Amino acid sequence: MERERKMDKKYYLLLGLTLILGVFSGMFLQSQRTSVESETEQFYQTVAANSDQLMEMGETARINKFDITVHDAYKTQAQESQYVVVDLSFFNALDEAREIPLFNLHVTDEEGYTSENDSSHEDQRLVGGQVRPEGLRRGTLAFEVNPSEHYELSYTDHSGRGLGSWKLDLNETKKQNKQR
């Protein structure tokens, strides 16, 4: 009798472990399928100058309680490199001070190549740091780019709370005559 109870306990324990393993296997397979689907979707995304998803310069996007506006943009040359300089502002709509995450800003060309902010460029008048509650910070950021007919600026909130993309209508090229 006692032997049968031990066998029953072992049987139920084995059955429970099998069910748990089955649940985790199903979760793993579902996450793999979702991962493959999102990779496929990302593969087919393109950058197009006529996209309805792009905002125009002068328009404001509210992304995670930051109001971001692109005011102006232009091309410039410096030491055999081409730059896109963007004049933009951040308004903090929260009741607490916040950091401006400059690493969340990128310029993308027509081929999909992305450039990060180049803090060593001469026309760099926006620096990161704290913005007081309901405070405004405005300045320029420079991005070293490849020659292209189309550029767009994107701000991504990495907490998953938003994305804003602006079509950059570049003003005539400004030449930098200063040497470093």
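Structural data are supplied above this passage.
Residues numbered from 1 in each chain as written. Predicted model: local features only at pLDDT ≥ 70, side-chain atom pairs only at ≥ 80, totals over all residues. Heavy atoms only, no water.

1. Details of the packing of aromatic side chains
Working step 1: For the coordinates displayed, the defined rule picks out three aromatic pairs.
Working step 2: When the ring of tyrosine 11 is compared with that of tyrosine 12, the centres are 5.5 Å apart and the planes differ by 65 degrees; the resulting orientation is edge-to-face.
Working step 3: Since its relative accessible area comes to 51%, tyrosine 11 is described here as exposed.
Working step 4: Ring plane angle 70 degrees and centroid distance 6.0 Å describe the contact between phenylalanine 90 and tyrosine 155, whose orientation is recorded as edge-to-face. With phenylalanine 90 in strand E3 (residues 81-92) and tyrosine 155 in strand E9 (residues 151-157), this residue pair connects regions lying 65 residues apart in the sequence. Across this residue pair, the class does not change: phenylalanine 90 and tyrosine 155 are buried.
Working step 5: Taken together, the aromatic side chains of Phe66, Phe90 and Tyr155 make up a single cluster linked through ring pairs.
Working step 6: The positively charged end of arginine 98 is found above the aromatic ring belonging to phenylalanine 66, 4.1 Å away from the centroid. (Phe/Tyr/Trp six-rings, centres within 6.5 Å; stacked < 30°, edge-to-face > 60°. Buried < 20%, exposed > 50% of the residue type's maximum accessible area, 1.4 Å probe, protein only. Helix = DSSP H or I, 4+ residues; strand = E, 2+ residues; numbered from the N terminus. Lys NZ or Arg CZ within 6 Å of the ring centre and 35° of its normal.)

2. Structural notes on the sheet that holds strand E6 (residues 114-116)
Two strands in a sheet stick together by hydrogen bonds in their backbones, pointing the same way (parallel) or opposite ways (antiparallel).
Working step 1: In space, the four strands of this open sheet follow the order E6-E5-E9-E10, with antiparallel pairing throughout. If you trace the sheet from one side to the other, it starts and ends with E6 and strand E10 (162-167), each paired once. Within this sheet the neighbouring strands show an average axis-to-axis angle of 25 degrees, counted without direction.
Working step 2: Relative to E6, strand E5 (residues 105-109) is paired through three bridges, and the arrangement is antiparallel. Bridge pairing links histidine 106 to glutamate 116 in E6. (Pairing = 2+ DSSP bridges. Axes fitted to C-alpha atoms, helices over the stretch in contact; angles between N-to-C directions.)

3. Brief notes about the environment of aspartate 157
Working step 1: Its location among the elements puts aspartate 157 in strand E9.
Working step 2: Taking relative accessible area as the criterion, aspartate 157 reaches 7% and is therefore assigned buried.
Working step 3: Between the C-alpha atom of aspartate 157 and that of asparagine 104, which follows or precedes it by 53 residues, the distance is 6.7 Å.
Working step 4: With near-sequence residues (within four places) excluded, aspartate 157 lies in contact with Ile63, Asn64, Asn104 and Gly162.
Working step 5: Among the polar contacts made by the side chain of aspartate 157, one reaches the side chain of asparagine 64 at a distance of 2.6 Å. (Contact = heavy atoms within 4.5 Å. Polar contact = N/O pair within 3.5 Å; in protein donor to acceptor, adjacent residues only side chain to side chain.)

4. Re a nonpolar patch on the surface
Working step 1: Among the surface-exposed residues, Leu13, Leu17, Ile20, Val23, Phe24 and Met27 lie close enough to one another that they form a single nonpolar patch of about 630 Å² accessible area.
Working step 2: Here isoleucine 20 lies in helix H1 (residues 2-43).
Working step 3: On the basis of relative accessible area, isoleucine 20 is assigned to the partly exposed category, the value being 46%. (Patch = residues over 30% accessible without salt bridge, like charges linked within 9 Å, V, L, I, M, F, W, Y side chains within 5 Å. Areas by Shrake-Rupley, 256 points an atom, 1.4 Å probe, with all protein chains shown as cover. Salt bridge = Lys/Arg side-chain N within 4 Å of Asp/Glu carboxyl O.)

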